[in-house]
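Coordinate analysis (summary)
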Amino acid sequence: EYIWELFINLLGTSLFFIFANGKLDRKEIRYIYAKQTIACIIISIVLWIMNIYNMPTILTILFVLILFHYIYVEIFFSASHIEKFFWVTVFAMTSIFAEALTTIIPTQLFHIDLSEELMGGTLRIPFTLLYMLLIAVFVITLLCFSSRTFKLNFIEKISFIFISVLCIIIENLIVVTQTVKYKSHIRLLTNTLYMVFFLVLALFVALTIYVYQLGIQRERFLQLSKEQIISDMENKQYEQIISSIAELRYLKHDIYNHLN
């Protein structure tokens, strides 16, 4: 069981390795792939230890899926801070959504005992493989989108970071409730939490798309502004050249008349 959990953690970190290298520009570091591999192994071992000792899932999400992954991209990639945080939070929400699909749907639709999906359960291996498969599908889908840089102002950056962390905490807490055996008389509360989960997820997806498009448009506007400035400078330089040529012609005509 412990070996399988370590293998799953290594597989998940490998997916983040592929995702980060596909979305961000790497720094010029010697043996960068070897160093990234070592960092991924360390992150996997830390996550494995936290899972073995049953650390609170919220700590696992915040420290591994966000903090450690953010430190990882800070070390090996050269994009802006907000762009790094953007893709780290997207991957974290992808992981949470995949976990929800492999816990909420089986327990609600097929009435599978959640203990069978947890560590030591008879269904642990197939459901963890399904979990990894869903993340892989999400990663491949996200890699198909453009990886252009985007610009946000300070207030927009702080707002996005705050809302992202809040959404991740809410989503994670709702998923964690699946590990608790609810009594039948609060089943309505559980269903309400599921609705909140998918609502928050939809809002986060909408926010992510909005922030991405806003940043892209801002980057495009800045690029057009630079091109306009360069065009104005070129026109001014062209006018100066025309003026200089006219002055040279006048001087040449003056000298020609003087020589005559």
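Since we're looking at a predicted model, the values are computed, not measured.

On to the overall build of the protein chain, then. For the protein chain, the count of helices and strands is eight helices and zero strands. Listing every helix and strand of the protein chain by position from the N terminus yields α-α-α-α-α-α-α-α. Every one of the 260 residues in the protein chain was classed for burial, and the buried ones make up 34%. For the protein chain, the share of sequence-separated contacts (at least 6 apart) that also reach a separation of at least 24 residues comes to 78%. For the protein chain, the accessible area works out to roughly 15,900 Å², and carbon and sulfur atoms hold 70% of it.

Next up on the list: the nonpolar core. Grouped together as the largest cluster of nonpolar side chains are 54 residues, with contacts concentrated most on Tyr72, Val73, Ile135 and Phe197. At the level of secondary structure, the elements contributing two or more residues to this core comprise α1 (2-23), α2 (32-52), α3 (57-76), α4 (81-101), α6 (124-143), α7 (154-176) and α8 (187-259). Considering each element in turn, this core owes the most residues, 13 residues, to α4. Setting aside anything within four residues of it in sequence, one finds Ile135 in contact with Leu15, Phe91, Ser95 and Ala98.

Here we come to empty space enclosed by the protein. A probe as big as a water molecule, rolled over the atoms, marks out the empty space that is left. As enumerated under the stated definition, the model contains one cavity of 30 Å³ or more in all. The volume enclosed by the largest cavity comes to roughly 30 Å³. Every residue lining the largest cavity is listed: Phe16, Phe19, Ala20, Leu24, Val73, Lys84, Trp87 and Val88. Of all the secondary-structure elements, those providing two or more residues to the lining of the largest cavity are α1 and α4. In terms of residue class, the lining of the largest cavity is built from seven nonpolar, no polar and one charged.

Going through the model one piece at a time under the given rule, you end up with one salt bridge. A salt bridge links Lys84 to Glu74; the nearest nitrogen and oxygen atoms lie 3.3 Å apart. A residue pair is termed long-range when its members are at least 10 positions apart, and Lys84 in helix α4 and Glu74 in helix α3 qualify at 10 residues.

What follows covers α1. Between its first and last C-alpha, α1 extends 32 Å over 22 residues, near the 32 Å set by a 1.5 Å rise per residue. Residues of α1 that are buried: Glu5, Ile8, Asn9, Gly12, Thr13, Leu15, Phe16, Phe19, Ala20, Asn21 and Lys23.

This part takes up the packing of α1 against α6. Contact geometry of α1 with α6 gives a least axis separation of 10 Å together with a crossing angle of 5 degrees. Between α1 and α6, the angle falls in the class roughly parallel. Of the residues in α6, those touching α1 at Trp4, Glu5, Ile8, Leu11, Gly12, Leu15, Ile18, Phe19, Gly22 and Lys23 are Arg124, Ile125, Thr128, Leu129, Met132, Ile135, Ala136, Val139, Leu142 and Leu143. Looking at the contact of α1 with α6, its residues break down into 14 nonpolar, three polar and three charged.

All right, on to the packing of aromatic side chains then. Geometry of an aromatic ring pair is reported as the spacing of the ring centres plus the angle between the planes. In total, this model carries 11 aromatic pairs according to the counting rule given. Ring geometry for Phe19 and Phe91: centres 5.7 Å apart, planes at 35 degrees, overall tilted. One end of the pair, Phe19, is in helix α1; the other, Phe91, is in helix α4, and 72 residues separate them in sequence. Across the pair, Phe91 and Phe19 agree in class, each one buried. Within the aromatic cluster, the residues linked to one another by ring pairs are Phe16, Phe19, Tyr72, Phe76, Phe77, Phe86, Trp87 and Phe91.

A few words on the packing of α4 against α6. For the pair α4 and α6, the least separation of the axes is 9 Å and the interaxial angle reads 140 degrees. In terms of their interaxial angle, α4 and α6 are classed as oblique. Along this stretch, α4 crosses α6, giving a crossing that reads as right-handed. The segment α4 lies against α6, with Val90, Phe91, Thr94, Ser95, Phe97, Ala98, Glu99 and Leu101 engaging Tyr131, Leu134, Ile135, Phe138, Val139 and Leu142. Split by residue class, the contact of α4 with α6 holds 11 nonpolar, two polar and one charged.

Thresholds, definitions, all that
Residues numbered from 1 in each chain as written. Predicted model: local features only at pLDDT ≥ 70, side-chain atom pairs only at ≥ 80, totals over all residues. Heavy atoms only, no water. Helix = DSSP H or I, 4+ residues; strand = E, 2+ residues; numbered from the N terminus. Buried < 20%, exposed > 50% of the residue type's maximum accessible area, 1.4 Å probe, protein only. Contact = heavy atoms within 4.5 Å. Areas by Shrake-Rupley, 256 points an atom, 1.4 Å probe, with all protein chains shown as cover. Core = buried A, V, L, I, M, F, W, Y, C linked by side-chain atoms within 4.5 Å. 1 Å grid on protein atoms, 1.4 Å probe; cavity = no way out; pocket = protein on both sides within 12 Å on 5 of 7 lines; lining within 4 Å. Points joined across faces, edges and corners; volume = space filled by probe spheres on them. Nonpolar A, V, L, I, M, F, W, Y, C, P; charged D, E, K, R; others polar. Salt bridge = Lys/Arg side-chain N within 4 Å of Asp/Glu carboxyl O. Expected span 1.5 Å × (residues − 1). Axes fitted to C-alpha atoms, helices over the stretch in contact; angles between N-to-C directions. Parallel < 35°, antiparallel > 145°, perpendicular 65-115°, else oblique. Phe/Tyr/Trp six-rings, centres within 6.5 Å; stacked < 30°, edge-to-face > 60°. Left-handed = near helix turned anticlockwise from the far one by under 90°.

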